[in-house]
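# A structural walkthrough
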Amino acid sequence: MNFTQQQKSPGRHAMGFVVVVLLHVGLIYALVTGLGTNIVEVIKAPIETKIIEEVKPPPPDVPPPPPPPKLAAPPPEIQIAQPPPPTPMATVATVAPPAPQAPPVARVTAPSVPDSEVSARPIAGPAMKYPPRMQDQGREGQVEVTCDVDAEGTTSNCVVGNVVGGAAFSDAALAWVKLQRYKPAIRNGVAIAEPHHKFNIVFKLGN
């Protein structure tokens, strides 16, 4: 709106001036009558503020502490009367004569190797040969041979005794015994020679 338009509407300008005057009059009246003071006091009234505390969960149940242990009363003192000292008695010591000592007993040590005779079977030597002719005929025999056996188990001076089955068995038995070595006889743990020891030699098919 420019100045030309304001000059064309003087009524509106006058109305605005009247309104401003009325506002000033009302304000002065309020101050005079105290109404303004009440309005100021209402505005100045303190503002109450409340702080909302956070609700904490209840603490867990804690068992009450155990009661302190009861102190046991000290045992009563017991006074024991000491017995009177014993009256010394005179003692007479008697010395017995020494016991006679027993004569020493001679210990007989057992031999480390028990006594034994010449072994019935040889411990070394070649195998016995069956007479071929007797084997072909299916014949069996038995021969008794007597020999001297020295401390090393070697045979000597062998002779044939009883023979069952034929001369072929006696010849084979005598030749075989002379080549064998036997376990010698033992006396008191020592190997000894044994003369005239008899060997019983059996020829049996299938052995």
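Described in the following lines is the structure provided in the data block. (Residues numbered from 1 in each chain as written. Predicted model: local features only at pLDDT ≥ 70, side-chain atom pairs only at ≥ 80, totals over all residues. Heavy atoms only, no water.)

### A look at the pattern of salt bridges
Using the criterion set out here, one finds 1 salt bridge in the structure. Among the ionic pairs, Glu-117 bridges to Arg-187, the shortest N-O distance being 3.0 Å. With a gap of 70 residues between them, Glu-117 in the loop between α3 (35–44) and α4 (132–137) and Arg-187 in strand β3 (residues 185–187) connect regions that are remote in the sequence. (Salt bridge = Lys/Arg side-chain N within 4 Å of Asp/Glu carboxyl O. Helix = DSSP H or I, 4+ residues; strand = E, 2+ residues; numbered from the N terminus.)

### So, the state of the cysteines
In total, this model carries 1 disulfide according to the counting rule given. Each disulfide pairs two cysteine sulfurs, and for Cys-147 the partner residue is Cys-158, the sulfurs being separated by 2.0 Å. Its S-S torsion of about 125° marks the bond between Cys-147 and Cys-158 as right-handed, since a negative value means left-handed. Here Cys-147, found in strand β1 (residues 141–149), pairs with Cys-158, found in strand β2 (residues 155–164); they are 11 residues apart in sequence, far enough to count as distant. Comparing Cys-147 with Cys-158 shows no difference in burial state: the two are buried. (Disulfide = S-S within 2.5 Å. Buried < 20%, exposed > 50% of the residue type's maximum accessible area, 1.4 Å probe, protein only.)

### Considerations on the sheet that holds strand β5 (residues 194–203)
Overall, antiparallel pairing links the 3 strands, which are arranged β2-β1-β5 in an open sheet. Unpaired on one side and paired on the other, β2 and β5 mark the two borders of the sheet. In this sheet, neighbouring strand axes are inclined to one another by 20° on average, regardless of whether the strands run parallel or antiparallel. Of the strands in this sheet, β1, β2 and β5 are in contact with helix α5 (residues 167–178), which crosses β2 at around 155°. (Pairing = 2+ DSSP bridges. Axes fitted to C-alpha atoms, helices over the stretch in contact; angles between N-to-C directions. Contact = heavy atoms within 4.5 Å.)

### Details of unusual backbone geometry
Its identity as a non-glycine residue notwithstanding, Asn-157 has a phi of 55°, on the positive side. With respect to the helices and strands, Asn-157 occurs in strand β2. Residue classification places Asn-157 among the exposed residues on the basis of a relative accessible area of 59%. One non-glycine residue, His-196, lies in positive phi territory at about 55°. Structurally, His-196 is set in strand β5. When its relative accessible area of 60% is taken as the criterion, His-196 is described as exposed.

### Some points on the packing of aromatic side chains
One pass over the full model with this rule turns up 4 aromatic pairs. Ring centres 5.9 Å apart and planes at 85° place the aromatic pair Tyr-130 and Phe-203 in the edge-to-face group. With a gap of 73 residues between them, Tyr-130 in the loop between α3 and α4 and Phe-203 in strand β5 connect regions that are remote in the sequence. Residue class for Phe-203 comes out buried when judged on its relative accessible area of 1%. Members of the aromatic cluster, joined through ring pairs, are Tyr-130, Phe-169 and Phe-203. (Phe/Tyr/Trp six-rings, centres within 6.5 Å; stacked < 30°, edge-to-face > 60°.)

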